[in-house]
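These are the residues of each chain, in order.
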Amino acid sequence: MHRLDPAREHIIGLYRIVIGFLFACHGLKTLFGLFGAKAPTAVGAWPGWWAALIQLVCGVLVCVGFGTRVAAVLGSGSMAYAYFTSHAPDGLFPIQNGGEAATLFCWSLLVVAFVGPGRFALGNLTTRQREARPERAGVTA
């Protein structure tokens, strides 16, 4: 057994929390003009306001570990869209076109979607409760 195996789920959980938190911070920056933004984006403006809303909601869901896989896929897809529509036309590589953050979030969230939430996830509480509930054999509703 590899010595990191016992820590695997903890590391995955911490990774998910950090990625979700940073993703949510991008949404907060754009929606509310926080964290050094010059001004908030106009409500309903396409695509910036909607992308920021996805970042905030999916980032929070990923961070707390509730609906993690769905939120991570949606967030990853939004970053792929952002990369190909806003960054790729300006150059081939993310380092040339300013798309490093979009690329990193896209792939990081895709990893979370496939690996799962790991430890410290709210979604794990409902799973544990379901598994702990004794089945009532032969009882019909």
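To be clear, the structure that these remarks concern was listed above.
Quick notes on the rules
- Along every chain, residues carry numbers that run from 1 in the direction the sequence is written.
- The predicted origin of the model limits local features to residues at a pLDDT of at least 70 and limits the giving and counting of side-chain atom pairs to 80 or more, whereas totals for whole chains, interfaces and linings rest on all residues.
- With hydrogens and water set aside, each side-chain value is computed from the structure's full complement of heavy atoms.
- Only DSSP runs of H or I covering at least 4 residues are called helices, and only runs of E covering at least 2 are called strands; the numbering of each starts at the N terminus.
- Any pair of N or O atoms that falls within 3.5 Å is considered a polar contact. Within protein, one atom must be able to donate a hydrogen and the other to accept it, and sequence-neighbouring residues count only if both atoms are side-chain atoms.
- Criterion for a salt bridge: a side-chain nitrogen of Lys or Arg within 4 Å of a carboxyl oxygen of Asp or Glu.
- With a 1.4 Å probe rolled over the protein chains alone, any residue whose accessible area is under 20% of its type maximum counts as buried; one over 50% counts as exposed, and the rest are partly exposed.
- Fitting a line to C-alpha atoms yields each axis, with helices limited to the stretch in contact; the angle taken between N-to-C directions then spans 0 to 180 degrees.
- Note on terminology: angles under 35 degrees are roughly parallel, angles over 145 are roughly antiparallel, angles of 65 to 115 are roughly perpendicular, and the others are oblique.
- With the far helix as reference, a near helix turned anticlockwise by less than a right angle produces a left-handed crossing, and one turned clockwise produces a right-handed crossing.
- Contacts were defined at the residue level, with two residues in contact if any of their heavy atoms lie within 4.5 Å.
- Note on residue classes: Ala, Val, Leu, Ile, Met, Phe, Trp, Tyr, Cys and Pro are nonpolar, Asp, Glu, Lys and Arg are charged, and everything else, Gly too, is polar.
- In plain words, nonpolar cores are sets of buried Ala, Val, Leu, Ile, Met, Phe, Trp, Tyr and Cys residues tied together by side-chain atoms within 4.5 Å.
- For this text, the term disulfide refers to a pair of cysteine sulfurs within 2.5 Å.

Peer 1: Quick question: what am I supposed to make of the side chain of Asn 124 here?
Peer 2: Following the sequence through the fold, Asn 124 ends up in helix α6 (residues 122-132). In this structure the side chain of Asn 124 is engaged in a polar contact, spanning 2.8 Å, whose partner is the backbone oxygen of Gly 118.

Peer 1: Would you mind going over the pattern of salt bridges with me for this structure?
Peer 2: Pairing between side chains becomes possible if they bear opposite charge and their charged atoms approach one another. Summed over all chains, the structure comprises one salt bridge. Between Glu 9 and Arg 8 there is a salt bridge, with the nearest N and O atoms lying 2.9 Å from each other. Classification of Arg 8 as partly exposed rests on a relative accessible area of 44%.

Peer 1: I would appreciate a short explanation of the packing of helix α3 (residues 68-87) against helix α5 (residues 100-115) in the present structure.
Peer 2: A packed helix pair is summarised by two numbers, namely the angle formed by the two axes and the spacing between the axes. Relative to each other, α3 and α5 sit at 155 degrees, their axes nearing to 8 Å. Between α3 and α5, the angle is such that the two are roughly antiparallel. The chirality of how α3 crosses α5 is left-handed. The residues of α5 that touch α3, namely those facing Thr 68, Arg 69, Ala 72, Val 73, Gly 75, Ser 76, Met 79, Ala 80, Tyr 83 and His 87, are Ala 102, Thr 103, Phe 105, Cys 106, Leu 109, Leu 110, Val 112, Ala 113, Phe 114 and Val 115. The residue inventory of the contact of α3 with α5, partitioned by class, reads 14 nonpolar, five polar and one charged.

Peer 1: I'm lost on the nonpolar core in this one. Help?
Peer 2: Proteins that are soluble and globular tend to have nonpolar side chains buried together. Within the largest apolar cluster, 15 residues are counted, with the highest numbers of intra-cluster contacts made by Phe 23, Val 62, Ala 72, Met 79, Phe 105 and Leu 109. Here this core takes six residues from α5, the largest share from any one element. Contact partners of Met 79, with chain neighbours within four places excluded, come to Phe 23, Gln 55, Ala 102, Phe 105 and Cys 106. With five residues, the next largest nonpolar core counts Ala 24, Leu 31, Ala 52 and Leu 56 among its residues.

Peer 1: Explanation requested: the state of the cysteines in the structure shown.
Peer 2: Linking two cysteines covalently via their sulfur atoms produces the bond known as a disulfide. What the rule picks out here adds up to zero disulfides. With no disulfide of its own, Cys 63 lies closest to Cys 25 among cysteine sulfurs, the gap being 8.8 Å.

Peer 1: So what exactly am I meant to see when it comes to unusual backbone geometry here?
Peer 2: Among all residues save glycine, negative phi is the norm, and among peptide bonds the norm is trans. Following Trp 46, the chain continues to Pro 47 via a peptide bond in cis, the omega torsion being -5 degrees. Topologically, Pro 47 is positioned in the loop between α1 (8-32) and α2 (48-64). Positive phi, normally seen in glycine, also occurs at Phe 35, with a value near 55 degrees. Here Phe 120, not a glycine, exhibits a phi torsion of approximately 60 degrees, which is positive. For Phe 120, the position within the fold is in the loop between α5 and α6.

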